[in-house]
Amino acid sequence: MSLDIHLEADERLSITTISTTLSELGVLYTYNGDHTAEGIFESGLSVRAACELNDHTLYAEDTKGMTFPVAIRCYIRIKGPEPEGFSALGDLERFVKTLTTKSDANFVVSCQYESTLYWRNSDGLQAA
């Protein structure tokens, strides 16, 4: 079983911030480029972030009332089963919370664009 999760953010979130966050969280593997960042957690959670150069559409079905042009997309995958003692959803929560401390960007985190899990707006980080 695997789950695809998407983080869609405005221009205030940078690839550098994502890269720094992944490094600080101690991911097993990281790759950092000018327009992309990648990391894999011990839990199996993988994150690939890319600057959106062409399509700025916010695809999450439940945007929690936000509208913004998407500048960064993170493709997050939970691929099970998790190794004993690790939690992919826990790593996702740590990743999102850490991003929130480093950037004031608006973003939506959704499962397959259908179910919103987290969102960040002027009221701060919210969880479903």
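Regarding the side chain of Thr-100
- In this structure, Thr-100 sits in helix α2 (residues 88-102).
- In this view, Thr-100 contacts Phe-107, Arg-120 and Leu-125; residues no more than four positions away in its chain are not counted.

Comments concerning the packing of helix α1 (residues 15-24) against α2
- Where α1 contacts α2, the axes come no closer than 10 Å and their chain directions differ by 130 degrees. Overall, the two elements α1 and α2 adopt an arrangement that is oblique. Pair α1 / α2 crosses with right-handed handedness. Together, Thr-17, Ile-18, Thr-20, Thr-21, Leu-22 and Glu-24 of α1 and Phe-95, Thr-98, Leu-99 and Lys-102 of α2 make up the contact between the two elements.
- Its residues assigned to classes, the contact of α1 with α2 shows 4 nonpolar, 4 polar and 2 charged.

Quick look at the sheet that holds strand β1 (residues 2-9)
- Sheet architecture is open: 8 strands sit in the order β2-β3-β4-β5-β1-β6-β7-β8, paired in antiparallel fashion. The sheet is open, and its two borders are formed by β2 (29-32) and β8 (124-127), each paired with just one other strand. Within this sheet the neighbouring strands show an average axis-to-axis angle of 10 degrees, counted without direction.
- Across 5 bridges, strand β3 (residues 36-40) lies against strand β4 (residues 46-51) in antiparallel orientation. Each bridged residue has a counterpart across the sheet, and for Ala-37 the counterpart in β4 is Ala-49.
- With respect to the sheet, α1 is in contact with β2, β3, β4 and β5 (72-79), its orientation differing from that of β3 by roughly 15 degrees.
- Taken strand by strand, α2 contacts β1, β4, β5, β6 (107-111), β7 (115-121) and β8, and its axis lies near 20 degrees from that of β7.

Considering α1
- Buried within α1 we find Ile-15, Thr-17, Ile-18, Ser-19, Thr-21 and Leu-22.
- Residue Gly-26 follows α1 closely and has a positive phi angle near 75 degrees.

A word on the pairing of β3
- Relative to β3, β2 runs antiparallel, the two sharing 4 bridges. For Thr-30, the partnering residue across the bridge sits in β3 and is Gly-39.
- Connecting β2 to the next strand, β3, in antiparallel fashion are 3 residues.
- Counting the residues between successive antiparallel strands, the hairpin from β3 to β4 contains 5 residues, one of them, Gly-44, with a positive phi of roughly 100 degrees.

So, the confidence of the model for the protein chain
- Looking at the protein chain as a whole, the pLDDT averages 95, with 99% of positions reaching at least 70.
- Per-residue pLDDT, averaged within each element of the protein chain, yields its smallest value for β2 (85) and its largest for β6 (98).

Regarding the state of the cysteines
- By the definition in use, this model includes 0 disulfides.
- With no disulfide of its own, Cys-51 lies 10 Å from the sulfur of Cys-74, the closest cysteine sulfur.
- Residue Cys-51 is classed as partly exposed on the basis of its relative accessible area, which comes to 26%.
- By relative accessible area, Cys-74 is classed as buried at 1%.

Analysis parameters
Residues numbered from 1 in each chain as written. Predicted model: local features only at pLDDT ≥ 70, side-chain atom pairs only at ≥ 80, totals over all residues. Heavy atoms only, no water. Helix = DSSP H or I, 4+ residues; strand = E, 2+ residues; numbered from the N terminus. Contact = heavy atoms within 4.5 Å. Axes fitted to C-alpha atoms, helices over the stretch in contact; angles between N-to-C directions. Parallel < 35°, antiparallel > 145°, perpendicular 65-115°, else oblique. Left-handed = near helix turned anticlockwise from the far one by under 90°. Nonpolar A, V, L, I, M, F, W, Y, C, P; charged D, E, K, R; others polar. Pairing = 2+ DSSP bridges. Buried < 20%, exposed > 50% of the residue type's maximum accessible area, 1.4 Å probe, protein only. pLDDT = per-residue confidence, 0-100. Disulfide = S-S within 2.5 Å.

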